[in-house]
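Given next are the chains, with one letter for each unit.
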Amino acid sequence: MTDYPKPERYSDAEWDARVSLAAAYRMVARLGLDDLIYNHISMRVPGTKDQFLINPYGHLFSEITASSLVKIDTRGTIIEDTPHTVNVAAFVIHAAVHKSREDAHCVLHTHSDASTAVSGQPDGLLPLSQFAMRFYNRQGFHDYEGVAIDEAEQQRIIAHLGDNPVM
């Protein structure tokens with residue numbers, strides 16, 4: 001998939017996932033959909049059910065590389081040696097989704113101006129255009145409880161997401 005040298009410690013599938021995820025971080029930054037260091041994108045490690053890759057805490061999206069991503073499991077254990085930590089809120093949110101939704105291979109959490117505005121409306125994204133219709137009856141709602149640092153919130157996130165692709 002890439003011309004970049006793959007470190008021996010990664011399988012081909014994991015390295016491809018890392019390169020793709022790092023590219024997604026940079027694309028989101030280029031589109032201006034990041035919020036300094038307070039957003040996250042995760043991707044399930046190929047071939048696993050309980051491991052995912054996520055950004056190291058304190059890095060801007062534009063700084064993320066395939067090698068800097070942190071491999072963590074859904075219990076919060078960092079799987080490999082790394083000098084990096086993971087944002088607790090990122091872990092709480094992404095672990096909840098990865099634990100409950102095997103179909104969610106990649107999870108994107110942003111605070112874009114548009115998503116923040118829509119989330120502030122009582123009914124979320126209204127079915128007012130053909131573009132909005134792709135989300136009609138496909139969005140979950142989870143009330144803001146403050147920064148998501150309490151693992152007990154995971155069960156509420158899971159319940160509120162349900163089978164929806166968007167929350």
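If you're wondering where the values come from, they're calculated on a predicted model, not measured in any experiment. (Residues numbered from 1 in each chain as written. Predicted model: local features only at pLDDT ≥ 70, side-chain atom pairs only at ≥ 80, totals over all residues. Heavy atoms only, no water.)

Enquirer: So, the overall build of the chain: which residues are in play, and what are the values?
Expert: Per the secondary structure count, the chain includes four helices and four strands. Counted from the first residue to the last, the chain has its helices and strands arranged as α-β-β-β-α-β-α-α. Over its C-alpha trace the chain gives a radius of gyration of 16 Å, about what one expects of a compact globule, namely 15 Å for 167 residues. Oriented by its inertia axes, the alpha-carbon framework of the chain measures out at about 50 × 35 × 25 Å. Within the chain, the proportion of its 167 residues that are buried is 40%. A fraction of 53% describes how many contacts in the chain between residues 6 or more apart in sequence connect residues 24 or more apart. (Helix = DSSP H or I, 4+ residues; strand = E, 2+ residues; numbered from the N terminus. Rg over C-alpha atoms; globule rule 2.2 N^0.38 Å. Buried < 20%, exposed > 50% of the residue type's maximum accessible area, 1.4 Å probe, protein only. Contact = heavy atoms within 4.5 Å.)

Enquirer: Tell me about the environment of Pro-5, residues and numbers included.
Expert: Locating Pro-5 in the fold gives a position in the segment before α1 (12-30). With relative accessibility at 70%, the residue Pro-5 sits in the exposed group. Spatially, the C-alpha atoms of Pro-5 and Trp-15 are 9.5 Å apart, while their sequence positions differ by ten residues.

Enquirer: Can you break down the pattern of salt bridges residue by residue, with the values?
Expert: Scanning all chains against the criterion turns up seven salt bridges. When the shortest N-O distance is used, the salt bridge between Glu-14 and Lys-71 registers 3.0 Å. In this pair, Glu-14 sits in helix α1 while Lys-71 sits in strand β3 (residues 70-73), placing the two residues 57 residues apart along the sequence. Each member of the pair, Glu-14 as well as Lys-71, is classed as buried. Between Lys-49 and Glu-102 there is a salt bridge, with the nearest N and O atoms lying 3.9 Å from each other. (Salt bridge = Lys/Arg side-chain N within 4 Å of Asp/Glu carboxyl O.)

Enquirer: I'd like to hear about the nonpolar core, residue by residue, with values.
Expert: The biggest cluster of nonpolar side chains holds 22 residues, and the ones touching the most others in it are Leu-21, Tyr-25, Ile-54, Val-86 and Phe-91. Only α1, β1 (40-44), β2 (51-54), β3 and α2 (88-100) provide two or more residues apiece to this core. Broken down by element, this core gets its largest block of residues, six residues, from α1. Each residue touching Val-86, except ones within four places of it in the same chain, is listed here: Ile-54, Tyr-57, Val-70, Ile-72, Ile-78 and Phe-91. (Core = buried A, V, L, I, M, F, W, Y, C linked by side-chain atoms within 4.5 Å.)

Enquirer: Please give an account of the sheet that holds β1 that cites residues and values.
Expert: Spatial ordering of the open sheet is given by β3-β2-β1-β4, a layout of four strands whose pairing is antiparallel. Each end of this open sheet is capped by a strand with a single partner; those strands are β3 and β4 (106-109). Strand after strand, the sheet turns through a mean of 25 degrees between neighbouring axes, direction not considered. Of the strands in this sheet, β1, β2, β3 and β4 touch α1, which is tilted by about 160 degrees from β1. (Pairing = 2+ DSSP bridges. Axes fitted to C-alpha atoms, helices over the stretch in contact; angles between N-to-C directions.)

Enquirer: Can you break down the pairing of β3 residue by residue, with the values?
Expert: Of the two faces of β3, the one holding Val-70 and Ile-72 and the one holding Lys-71 and Asp-73 are both buried throughout. Two strands pair when backbone bridges link them, and β2 and β3 are joined in this way by four bridges, in the antiparallel orientation. The partner of Ile-54 across the bridge, within β3, is Val-70.

Enquirer: Requested: an account of helix α4 (residues 153-161), with residues and values cited.
Expert: Every buried residue of α4 is accounted for by Glu-153, Gln-154, Ile-157 and Leu-161. Projected down its long axis, α4 shows its buried positions confined to an angular sector of 105 degrees, all on one face. Seen from the open side of α4, the exposed residues pointing more than 90 degrees away from its buried face are Gln-155 and Ala-159. Buried residues belonging to α4 abut α2. Remark: Gly-162 follows α4 within two positions and exhibits a positive phi of approximately 55 degrees. (Arc of directions from axis to C-beta.)

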